[in-house]
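Report on the structure
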Amino acid sequence: MPHADSALVPETITTKPEFWAHIYSQLDALLDSNQRNWVTNLSNAASLIYNSLLAFPAHFGNGQKAVNWCGAATKPTSNSSPSSRLLLGPFNGKPACQYINTVPGKARGVCADSFLQRRTVVVPDVETYPGHIACDGETRSEVVCPLILSSGEHDGRVLGVLDLDCLAVEGFDDEDKAGLEKIAQLLVKACDW
Ligand code: SME
């Protein structure tokens, strides 16, 4: 099967839990256990999630609710960026901010909050979120999930975040949060950081 077909969403999948379970299994199949490069794996994950969401009617909402950005901002150990920043990582969508300030007290925005607070942040309406960073003025709602290392010498270190934007308010809910968190765990375990 061509790798691109991984982003096809069967018509039998009609609910968000079913969708995220499908994405999980598709990503698991794409992640080759002999290849643990985080850039490669985050690139395929961003493309899979972005294109699958666009193919999923329950999310797409005839286009009015389409995802318009999906990607990562990261700070892996190999990253030479100052410890005070997340750097833009693999993504699908329009050009975005190259880095996110994560200095406590100076940081702002959804990605920095998710990173510093080590939690998924669901934003129903970005225009009401204090400090939101608008890389795309068309974004109306957002969900950001931290990538947290859970084993080995760096146990508990936050590696970065996964960020999804939507063209409509209330584009993401707790079912998306739960699904994205499982995807994040799969990605963290599949890469060398
Ligand atoms: N809206 C995000 C910034 C996304 S950058 O394009 C990765 C925020 O408020 O942090």
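The rules behind each value
Residues numbered from 1 in each chain as written. Predicted model: local features only at pLDDT ≥ 70, side-chain atom pairs only at ≥ 80, totals over all residues. Heavy atoms only, no water. UniProt positions renumbered as here; feature names shortened; annotations may be inferred. Axes fitted to C-alpha atoms, helices over the stretch in contact; angles between N-to-C directions. Helix = DSSP H or I, 4+ residues; strand = E, 2+ residues; numbered from the N terminus. Parallel < 35°, antiparallel > 145°, perpendicular 65-115°, else oblique. Contact = heavy atoms within 4.5 Å. Nonpolar A, V, L, I, M, F, W, Y, C, P; charged D, E, K, R; others polar. Left-handed = near helix turned anticlockwise from the far one by under 90°. Phe/Tyr/Trp six-rings, centres within 6.5 Å; stacked < 30°, edge-to-face > 60°. Buried < 20%, exposed > 50% of the residue type's maximum accessible area, 1.4 Å probe, protein only. Pairing = 2+ DSSP bridges. Near = heavy atom within 4 Å. Polar contact = N/O pair within 3.5 Å; in protein donor to acceptor, adjacent residues only side chain to side chain. Areas by Shrake-Rupley, 256 points an atom, 1.4 Å probe, with all protein chains shown as cover. 1 Å grid on protein atoms, 1.4 Å probe; cavity = no way out; pocket = protein on both sides within 12 Å on 5 of 7 lines; lining within 4 Å. Sits in = over half its atoms within 2 Å of the grid points.

The name given to the protein chain in an unreviewed UniProt entry is GAF domain-containing protein, and the organism recorded there is Favolaschia claudopus. Its UniProt record gives the protein chain the following Sequence similarities (unreviewed entry) comment, quoted word for word: "Belongs to the free Met sulfoxide reductase family."

Digging into the packing of helix α1 (residues 16–30) against helix α5 (residues 174–190)
The interhelical angle for the contact between α1 and α5, taken along N-to-C directions, is 10 degrees, at an axis separation of 9 Å. One finds that α1 runs roughly parallel with respect to α5. Of α5, the residues touching α1 (which contributes K16, P17, W20, I23, Y24, L27 and D28) are E175, D176, G179, L180, K182, I183, L186 and L187. Broken down by class, the residue content of the contact of α1 with α5 amounts to 9 nonpolar, 1 polar and 5 charged.

Remarks on the packing of helix α2 (residues 38–54) against α5
Put simply, α2 and α5 touch, their axes get as near as 10 Å, and they point 160 degrees apart. When the axes of α2 and α5 are compared, the pair comes out roughly antiparallel. Where α2 crosses over α5, the handedness of that crossing is right-handed. Residue-level inspection shows N41, L42, A45 and I49 of α2 in contact with α5, the latter providing L180, I183, L187 and A190. Residue composition of the contact of α2 with α5, grouped by class: 7 nonpolar, 1 polar and no charged.

Things to note about the packing of aromatic side chains
For the structure on display, the rule yields 4 aromatic pairs. The interplanar angle of 15 degrees and the centroid separation of 4.5 Å between the aromatic rings of F19 and F56 together place this pair among those described as stacked. Here F19 is found in helix α1, whereas its partner F56 is found in the loop between α2 and α3 (57–60), with 37 residues between them in sequence. Residue F19 is classed as buried on the basis of its relative accessible area, which comes to 0%. Take F56: its relative accessible area is 1%, and that puts it in the buried class.

Section: the sheet that holds strand β2 (residues 85–93)
An order of β3-β2-β1-β6-β5-β4 is seen for the 6 strands of this open sheet, with the pairing classed as antiparallel. Two strands lie at the open edges of the sheet, namely β3 (99–101) and β4 (121–123), each paired on one side alone. Strand-to-strand twist of the sheet, defined as the mean angle between neighbouring strand axes without regard to direction, takes the value 20 degrees. Bridge analysis of strand β1 (residues 67–74) against β2 gives 5 bridges, and the strand direction is antiparallel. Directly across from T74, in β2, lies its bridge partner L87. Of the strands in this sheet, β1, β2 and β6 (158–166) touch α2, which is tilted by about 160 degrees from β1.

Description of the site of the ligand
Residues in contact with the ligand, as listed here, are W69, A96, C97, G109, V110, C111, H132, I133, C135, E142 and D163. With respect to the ligand, the backbone of I133 contributes an N or O atom lying 2.7 Å from a nitrogen atom. At 3.0 Å from a nitrogen atom of the ligand is found a side-chain nitrogen or oxygen belonging to E142. For the ligand, the protein covers 97% of the area, taking 320 Å² as the surface of the free molecule. A molecule is said to occupy a pocket when more than half its atoms come within 2 Å of that pocket's grid points, and by this definition the ligand occupies the largest cavity. For the shell around the ligand, the residue count by class is 7 nonpolar, 2 polar and 2 charged.

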